[in-house]
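Listed here are the chains, written in short residue letters.
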Amino acid sequence: MFTGLSAFPLTPFRDECIDFQAFEKLLSRLTNAKVDSICAMGSTGLYPYLDHAEFQSVAEKTVALADGIPVMVGIGALRTKDVLQKAYLAQQAGVKAVLLAPVSYHPLTEAEVYNLYAKVSAELSVPLCVYENPGVTQFTFSDELYAEVTRLNNVAAIKIPGMPFANAQGAERLARLRAIVPANVAIGVSGDKFAVAGLQAGCDLWLSVVGGLFPQTAMRIVQAIKDHQAVQWAEQLEPLWQLFVRNRGGMRVMATAADILGITEGNCLPQPLQPLTSAERASLETLLTQLNLS
């Protein structure tokens, strides 16, 4: 399942409860577009904000609505025992893979991160995707740690930051990773702005925020990756990527876009998170019209 487009939908809230009616609308967009896989409860899907009951409900709902598309879910938590509980619930729900970032409040050491993946991977019967997101976790994987973690049982993919693909360093970084991780471990690019460069350099998949709300656009980019059309699409979306940068990622942007499109009602984020300011919302609304994103 670690090829093509993995779409990361929101987990929408309404009055501090998960809005499953809106969630069904989001999943319908993904199944209609026939994305390659769905990752529920990624960073955009707000996995750290969900208790175990909410997590279980979203996992089960995603599998039920996925129409045969493979489902991956994020299982990160501060404590290893909670990660293990989420892993158990995810497998009971029938997911095909799990995504795990080294979540922390106190910065983790490499030994602690390795121990986390060792304990979790040993309890899995489905593949695990290692999620490096230093902007959120404040942890960066060394090449040595990648070499060790990717040799654990059930580790099948890594999700790397897209920033190196802003220039030639991306291809060099990917080549180094290919040299140290097992050949059967897929390498995926995150950071939507850098997806085209990452895929052109040889990444196996794009783990996409924008694909969680606008899957047809994201699928068009993936399908056009071998020609210059993909680059043109990415350039057209540059104002959207700038909104991501100004708002510390795509989560607030996608939440606001879902409201503009009428999929959700008002602020669909759990408190204390807030959608875009009125000025940024107006810019986004204009941009969605200009780009014909619907």
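Preceding block: the structure.
Small disclaimer: the values here were computed from a predicted structure and weren't measured. (Residues numbered from 1 in each chain as written. Predicted model: local features only at pLDDT ≥ 70, side-chain atom pairs only at ≥ 80, totals over all residues. Heavy atoms only, no water.)

A.B. asks: Would you explain the overall build of the protein in this entry?
C.D. replies: A tally of helices and strands in the protein yields 13 helices and 10 strands. For 294 residues, the compact-globule estimate of 2.2 N^0.38 gives 19 Å, and the C-alpha radius of gyration of the protein, at 18 Å, lies within 12% of that figure. Principal axes of the C-alpha set define a box for the protein whose edges measure 45 × 45 × 35 Å. Put simply, the protein has 294 residues, and 54% of those count as buried. (Helix = DSSP H or I, 4+ residues; strand = E, 2+ residues; numbered from the N terminus. Rg over C-alpha atoms; globule rule 2.2 N^0.38 Å. Buried < 20%, exposed > 50% of the residue type's maximum accessible area, 1.4 Å probe, protein only.)

A.B. asks: What's the story with the nonpolar core in this structure? I'm lost.
C.D. replies: Core analysis: the largest hydrophobic core is formed by 112 residues, its most contacted members being V73, I75, Y117, W206 and L240. Take this core: its biggest share by element is 6 residues, from helix α12 (residues 251–260). (Core = buried A, V, L, I, M, F, W, Y, C linked by side-chain atoms within 4.5 Å.)

A.B. asks: Is there a simple way to think about the packing of helix α10 (residues 229–236) against helix α11 (residues 238–246) in this case?
C.D. replies: Where α10 contacts α11, the two axes come as close as 4 Å, and the packing angle between them is 50°. By the criterion of interaxial angle, the relationship of α10 to α11 is oblique. Side by side, α10 and α11 meet where A234, E235 and Q236 of the first sit next to E238, P239 and W241 of the second. Residues belonging to the contact of α10 with α11 are distributed by class as follows: 3 nonpolar, 1 polar and 2 charged. (Axes fitted to C-alpha atoms, helices over the stretch in contact; angles between N-to-C directions. Parallel < 35°, antiparallel > 145°, perpendicular 65-115°, else oblique. Contact = heavy atoms within 4.5 Å. Nonpolar A, V, L, I, M, F, W, Y, C, P; charged D, E, K, R; others polar.)

A.B. asks: In this structure, what is going on with the side chain of E132? I would like to understand it.
C.D. replies: Within the element layout of this structure, E132 appears in the loop between β7 (128–131) and α5 (134–137). Comment: no salt bridge for buried E132; closest opposite-charge side chain is R173, at 4.7 Å. A polar atom in the side chain of E132 sits 3.2 Å from the backbone nitrogen of F141. In this structure E132 touches F139, T140, F141, Y146, K159, I160 and P161, once residues within four positions along its chain are discounted. (Lys, Arg positive; Asp, Glu negative; His and termini not counted. Salt bridge = Lys/Arg side-chain N within 4 Å of Asp/Glu carboxyl O. Polar contact = N/O pair within 3.5 Å; in protein donor to acceptor, adjacent residues only side chain to side chain.)

A.B. asks: In this structure, what is going on with helix α2 (residues 52–65)? I would like to understand it.
C.D. replies: Given 3.6 residues to a turn, an α-helix orients residues that are three or four positions apart in the same direction. Across its 14 residues, α2 extends 20 Å between first and last C-alpha, which sits within 8% of the 20 Å expected from 1.5 Å per residue. Of the positions making up α2, those classed as buried are E54, F55, V58, A59 and T62. Projection of α2 onto a plane perpendicular to its axis shows the buried side chains occupying an angular sector of 130°, all on one side. Tucked into the core, α2 has its buried residues touching β2 (13–14), β3 (17–18), α1 (20–33), β4 (37–40), β5 (71–74) and α3 (80–93). Two to three positions downstream of the cap, the backbone nitrogen of A53 sits 3.1 Å from a side-chain oxygen, assigning the N-cap of α2 to D51. Immediately downstream of α2, the backbone of D67 shows phi near 55°, a positive value. (Expected span 1.5 Å × (residues − 1). Arc of directions from axis to C-beta.)

A.B. asks: For this particular structure, what's the right way to read the pairing of β7?
C.D. replies: Every other side chain in a regular strand lies on the same face of the sheet, so the side chains alternate between the two faces. Side chains of β7 alternate between two faces, with L128 and V130 and C129 and Y131 buried alike. Across 3 bridges, the pairing between strand β6 (residues 97–100) and β7 is parallel. Bridged to V98 within β7 is L128. For the crossover that starts at β6, traverses helix α4 (residues 110–122) and ends in the parallel β7, the hand is right-handed. Here 4 bridges tie β7 to strand β8 (residues 155–160), and the two strands are oriented parallel to one another. From the neighbouring strand, C129 faces β8, where its bridge partner is A157. (Pairing = 2+ DSSP bridges. Right-handed = clockwise from strand over helix to strand, strands pointing away.)

A.B. asks: Looking at this structure, how should I read the packing of aromatic side chains?
C.D. replies: Working definition: an aromatic ring pair is given by the centre-to-centre distance plus the angle between the planes. Within this structure, the stated rule accounts for 5 aromatic pairs. Between F141 and Y146, the aromatic rings sit 4.8 Å apart at their centres with planes inclined by 15°, giving stacked as the arrangement. Per residue, the accessibility class of F141 equals that of Y146, and both read buried. Joined through ring pairs, the aromatic side chains of Y117, F139, F141 and Y146 make up one cluster. (Phe/Tyr/Trp six-rings, centres within 6.5 Å; stacked < 30°, edge-to-face > 60°.)

A.B. asks: Sorry if this is basic, but what is going on with the side chain of S142 here?
C.D. replies: If you trace the backbone, S142 turns up in the loop between α5 and α6 (143–149). Under the relative-accessibility criterion, S142 is labelled buried at 18%. Engagement of the side chain of S142 in a polar contact is seen with the backbone nitrogen of L145, the distance being 3.1 Å.

A.B. asks: Explain the pairing of strand β10 (residues 205–208) here, please?
C.D. replies: Taking every second residue as pointing to the same face, both faces of β10 are buried, with L205 and L207 on one and W206 and S208 on the other. Pairing between strand β1 (residues 4–7) and β10: 4 bridges, direction parallel. Residue L5 lies in a different strand from β10, and its bridge partner there is W206. Pairing geometry for strand β9 (residues 186–189) and β10, over 2 bridges, is parallel. Across the sheet, residue G188 finds its bridge partner in β10, namely L205.

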